[in-house]
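Survey of secondary and tertiary structure
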Amino acid sequence: MPQKILAGRATDPQLRGDLVQVKVDQVILSRAPSRALAEAIATGMKKTPVEVAVAYDGTCVADASSLADTDEGSPHSVSPEFPTYNIPIARPGIGFPAPVHLERFAAPARLALTDDPRLATVGGIGMLSLVVSPSQLGQALATGSAWLRPPRSVQIHLSGRVRPFVCARDVALELLRRNLDEVVRRIEGEHHAPVILEFAGPSARLLSVGDRAVLCGIAPQVGAAAALFVSDEKTEVFLRDQRRSKAHRALVPDPGAPCEEVVSIDLGTVDPLLMDEEGVVRPVRDLAGKPVAQVVLGGDSGVTLRDMLAAALLLKSKRVPSRLDLLVAPPSRQVLEVLAQSGALVDLVATGARIIEPDRRVVTSEIYPPPPGGLSLRTADPEPRIAGAPSFVVASAETLAYAVATGSVGDPRSFKRPVRVTVPRALPTDDVLILRDKKGEQVSTKKPPAAPAAVPWKGPLTLDVLAGVPKGNGRAAVGVHGRKAPGPAEPAAPVADDDRAPAESTAAGGVALVLSTLDEVRAVAERATDLSTVRAVVAPFVPSTAVSAFASEGIATFLVGAEALGSIKGQKSLELPAPAQWGDRVAAVFDGERVEVAWLATGMERSWTHAGTVRQPPIASKPAR
C-alpha cells in the first residue's frame, strides 16, 4: 500500500533509485513550525502549493518562557504569518495534533510529511505520514514535492476478536512485546530503506478508525517510518461522521503484493497489558496491588473516544482515592464536546478528575510530570526513553479506570461486568479554532522568520566526542547554525554522560554524539534543529528516516559495530578526513585509534550533508511578457 501511494505521486512510478521525487499532498507542522516556514520562504515561497498544510500551536499553558519564544520567533513557536502563505493555524485548545488531524484533515491514500513522529497515528485512516526534518518540510511547502527513500513493508496479520476489557492499547503493547523492533532493524540493515508496517487480515477490517490509529502509533517506538491500514467501509463511515465524505478514497493492497515479513497475532489471545517504567511490556497482574499516585487519562495517542466514554462509565459513582491525582486530557476539542454532551464529563468531574488543557508539554511530561517516588499511569505513548527522562507506566483506559477505582494497579477484568458504550454518530465539527487567511488581510506586521545559515563541510574536522543525549531542551544552546546564544543567566544545557553542552565544545569543528540505543537516536533526531554544534552521529542502528533528517541539517551519520561501541564512548575526540575522501566506508580516528565506520547517507543525502542544508536556491519567477 505505501508503494502504491508513492508510485502514484513519483516522477519514477517504478520507485527506482536510492531516492525518488514525489508529490506531497499534506504538510503537518508541529515540533518546529517557524523553522519550516523560514526554510520555505528562503526557497522563494509565496503561497504553498500543497493540498493541505497546517501549523499546530500546542502551547496552551502560557508562561514567561513560551511567551518569550513567540516574541523572539523561536523555531518551535507558530508565527502569525502562516495564514498569509495559505497555511492555517490550529490554535491552542483545539487538541493534540495527531487526533485533531485525524478528525479534521487526514485523508486516505494521501501522502503527508511532518516533523512529529506522533503523527504516525493518521495511518489509521489510510494516510501515509512520514517524518522529515524542518528543512525538508520547507522544501515541500515551497515546491510541493520531496525526495524520499522508497520503503519496504512488514505485514501485521490480525485475526480473532478482542475479549472484554481488552483495548486497542493492549494489542499495541502485545506487538511491542513480540520484539517487532528486531524485525524492523533487520530489514533496515538488509535494504537500507524505511520500513512501513501494514496491518492486514480479517480482523483489521473490524477495527474502528480510532483503534487503528492506536495501533499505528507504535511505529516510531519500533523504528518503523510509518504504519498503514486499508481504507474501506469503516473509513468511509468515519469520514461521513466527520462530514468529510468527499475525502474518501479506497486503499487496499494488490493481490499477491510482496512484503519482507509477516507477523501474525490472534487478538483473542491478548490480555490486559502494561509497559512498565523500564519500557518492558508485562501482564497487568505482574504489578497488581502496587499503589498509584497519578493517572493521566487521554493525551494524543493510545486512547479513543470510545475508551474515554468507557472509563467515565466505569468510574461513575466512584471517588478518587486521597493519595491519587486523576488528570483528564481530552485528545481533541471534539472529544471534549462529546464527553460534555453525553454527561461523561460530569461523571469524571464528580469522581474527582481535573480537566487539563491539551498542551504539547503534557505528553513530554514537561508539565504534570510523574510525582517523585510515586507510580504514574498514562494512556499516551511515551517519548524516547533516555537517561534522566520522566518515566511512567503505559496502559489502557480501562486499566487506568481500575487504578482510579481502587487506588492500585489491577486487572480491569475484576470489574466483572463490561460497560456498553454507544459512540454518537453526530459529532461536533466546528473549526472555530482554525485560523485561516481571510481574503489576504494582514495577519501580522512582524517580519517572517529567517532561516539559519548553512554550515558546509569544507575539510578535515576534529570533533569532541560526547556519549548520550544532551539534557534539557537544547533551545538555549549557541551554535554554528546562527541560533540564539545563552545570556549571562542562561547556562547551556549539560549532556548525559559528559558535563559539557554541545555549545561548550572545545573543538573548533563541533561535536560528535555516540548513541547506544534506538531511543537515543530518536531523541536526537527530534531535536536536531536545537543541537546546533552537532556535526556527526555514531550509532549501531539509525533508521533511514533519521539518516535523511540528519543529512538535511548537515549532520553526518555513521554506523559502527556494537563490539566497537564501548571503546568509542570512552574517547574524547573524533578526527574525520575531508568530505572528498568519504565513501561507503570512512576512516575515522578516535583518540588516535583508527576505526572504519559506514556512512549511512545515500544519493542526494550525501550532497545535503556536505552542503549543510537541503535548501535549494529561490524559485525563479517567470519573466513578464
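Remember, predicted model here, so these are calculated numbers, not experimental data. Counting starts from 1 at the beginning of each chain's written sequence and moves along it residue by residue. Since the coordinates come from a predicted model, pLDDT governs what is reported: local features require at least 70, and pairs of side-chain atoms require 80 or more to be given and counted, while whole-chain, interface and lining totals use all residues. Think of the side-chain values as coming from all heavy atoms in the structure, minus any hydrogens and water.

Backbone geometry at Ser-317 places phi at a positive 75°, although glycine is not the residue there. Note on classification: 1.4 Å probe, protein chains only; a residue is buried when its accessible area is under 20% of the maximum for its type, exposed when over 50%, partly exposed between these limits. Judged by relative accessible area, Ser-317 falls into the exposed class, the value being 67%. Positive phi values are uncommon outside glycine, yet Lys-416 reaches one of about 75°. A helix here means a DSSP run of H or I that spans at least four residues, while a strand means a run of E at least two residues long, and both kinds are numbered starting from the N terminus. Position of Lys-416 among the secondary structure elements: in the loop between helix H14 (397-406) and strand E19 (434-435). Take Lys-416: its relative accessible area is 72%, and that puts it in the exposed class.

Here we take up the packing of helix H6 (residues 168-177) against helix H8 (residues 209-216). Here the axes come from fitting lines to C-alpha atoms, over the contacting stretch only for helices, and the angles between their N-to-C directions go from 0 to 180 degrees. Two elements in contact, H6 and H8, have axes whose closest approach is 9 Å; the angle formed by their N-to-C orientations is 25°. On the basis of the axis angle, H6 is roughly parallel to H8. Judged by the twist between their axes, the crossing of H6 over H8 is right-handed. Listed contacts from H8 to Ala-168, Arg-169, Val-171 and Ala-172 of H6 are Asp-211, Val-214 and Leu-215. Note that Gly is not counted as nonpolar here; it falls among the polar residues with everything else outside the nonpolar set of Ala, Val, Leu, Ile, Met, Phe, Trp, Tyr, Cys and Pro and the charged set of Asp, Glu, Lys and Arg. In the contact of H6 with H8, the residues fall into five nonpolar, no polar and two charged. These descriptions rest on fixed angle ranges, namely under 35 degrees for roughly parallel, over 145 for roughly antiparallel, 65 to 115 for roughly perpendicular, and the rest for oblique. Crossings are classed by handedness, with left-handed meaning an anticlockwise turn of the near helix from the far one by less than a right angle and right-handed meaning a clockwise turn. Working rule for contacts: check all heavy atoms of both residues, and any pair within 4.5 Å makes them a contact.

This part covers the sheet that holds strand E5 (residues 111-114). Think of it this way: DSSP has to see at least two bridges between two strands before they count as a pair. Across the sheet, which stays open at both edges, the six strands sit in the order E6-E5-E2-E3-E4-E19 with mixed pairing between neighbours. The open sheet has two edge strands, strand E6 (128-131) and E19, and neither has a second partner. Note: strand E2 (residues 26-29) against strand E3 (residues 52-56), four bridges, orientation parallel. Bridging across to E3, Gln-26 finds its partner in Val-52. Along the sheet face, helix H5 (residues 134-143) touches E2, E3 and E5 and points at about 140° away from the line of E2.

We call Phe, Tyr and Trp rings a pair once their centres come within 6.5 Å, taking the six-membered ring for Trp, and we label the pair stacked below 30 degrees between planes, edge-to-face above 60, and tilted otherwise. Overall, the coordinates contain six aromatic pairs when judged by the stated rule. Here the aromatic rings of Phe-199 and Phe-229 are separated by 4.6 Å at their centres, their planes lie at 0°, and the arrangement is stacked. On the criterion of sequence distance, the pair formed by Phe-199 in strand E9 (residues 195-200) and Phe-229 in the loop between strand E10 (226-228) and helix H9 (233-241) is long-range, its members being 30 residues apart. Residue Phe-199 is classed as buried on the basis of its relative accessible area, which comes to 0%. According to the relative accessible area criterion, Phe-229 is buried, its value standing at 0%. Look at Trp-457 and Trp-582: their rings are 5.0 Å apart centre to centre, the planes differ by 70°, and that puts the pair in the edge-to-face class. Note that Trp-457 is positioned in the loop between E19 and strand E20 (461-467) and Trp-582 in the loop between strand E24 (573-576) and strand E25 (585-590), a separation of 125 residues in sequence. Within the aromatic cluster, the residues linked to one another by ring pairs are Trp-457, Phe-558, Trp-582 and Trp-599. If you follow Arg-378 out to its NZ or CZ, it ends over the ring of Phe-392, 4.8 Å from the centre. Cation placement over rings: the criterion is NZ of Lys or CZ of Arg within 6 Å of the ring centroid and within 35° of the ring normal.

On to the pairing of strand E15 (residues 325-329). Here E15 lies mainly inside the structure; four of its five residues are buried. Both strand E14 (residues 294-298) and E15 contribute to a ladder of five bridges, which runs parallel. Following the sheet pairing, Gly-298 is matched in E15 by Ala-329. Note that the unit made of E14, helix H10 (residues 305-314) and E15 has a crossover that is right-handed. When the strands point away from the viewer, a crossover counts as right-handed if the route from the first strand across the helix to the second turns clockwise.

Our focus in this paragraph is the state of the cysteines. Disulfide assignment relies on a single distance test, namely cysteine sulfur atoms paired within 2.5 Å. Overall, the coordinates contain zero disulfides when judged by the stated rule. Just so you know, Cys-167 is unpaired, no disulfide at all, and the nearest cysteine sulfur is the one on Cys-216, 17 Å from it.

The next thing to look at is the side chain of Thr-121. Turning to its location among the elements, Thr-121 is positioned in the loop between E5 and E6. Setting aside chain neighbours within four positions, we find Thr-121 in contact with Ala-98, Leu-102, Ala-213, Cys-216, Gly-217 and Ser-301.

When we look at burial in helix H12 (residues 344-351), the residues that qualify are Ala-344, Leu-345, Asp-347, Leu-348 and Thr-351. The buried residues of H12 occupy an angular sector of 160° when the element is viewed end-on, so they sit on one face. Against H10, E15, helix H11 (333-342), strand E16 (354-355) and H14 lie the buried residues of H12. Gly-352 sits one or two positions beyond H12 and adopts a positive phi of about 120°. Taking the helix axis as origin, the arc is that swept by the directions to the C-beta atoms.

Time to look at the pattern of salt bridges. Here, a salt bridge means any side-chain nitrogen of Lys or Arg that lies within 4 Å of a carboxyl oxygen of Asp or Glu. Under the defined criterion, the tally for this structure stands at 37 salt bridges. For Asp-12, the salt bridge goes to Arg-16, with nearest N and O atoms at 3.3 Å. By relative accessible area, which is 57% here, Arg-16 ends up exposed. The residue Arg-163 makes a salt bridge to Asp-271 at a minimum N-O spacing of 2.3 Å. Placement of the pair is Arg-163 in the loop between strand E8 (152-159) and H6 and Asp-271 in the loop between strand E11 (261-266) and strand E12 (273-275), with a sequence separation of 108 residues. Residue class for Arg-163 comes out partly exposed when judged on its relative accessible area of 34%. Put simply, Arg-31, Asp-116, Arg-118, Asp-300, Glu-383 and Glu-526 are held in one network by salt bridges that share partners.

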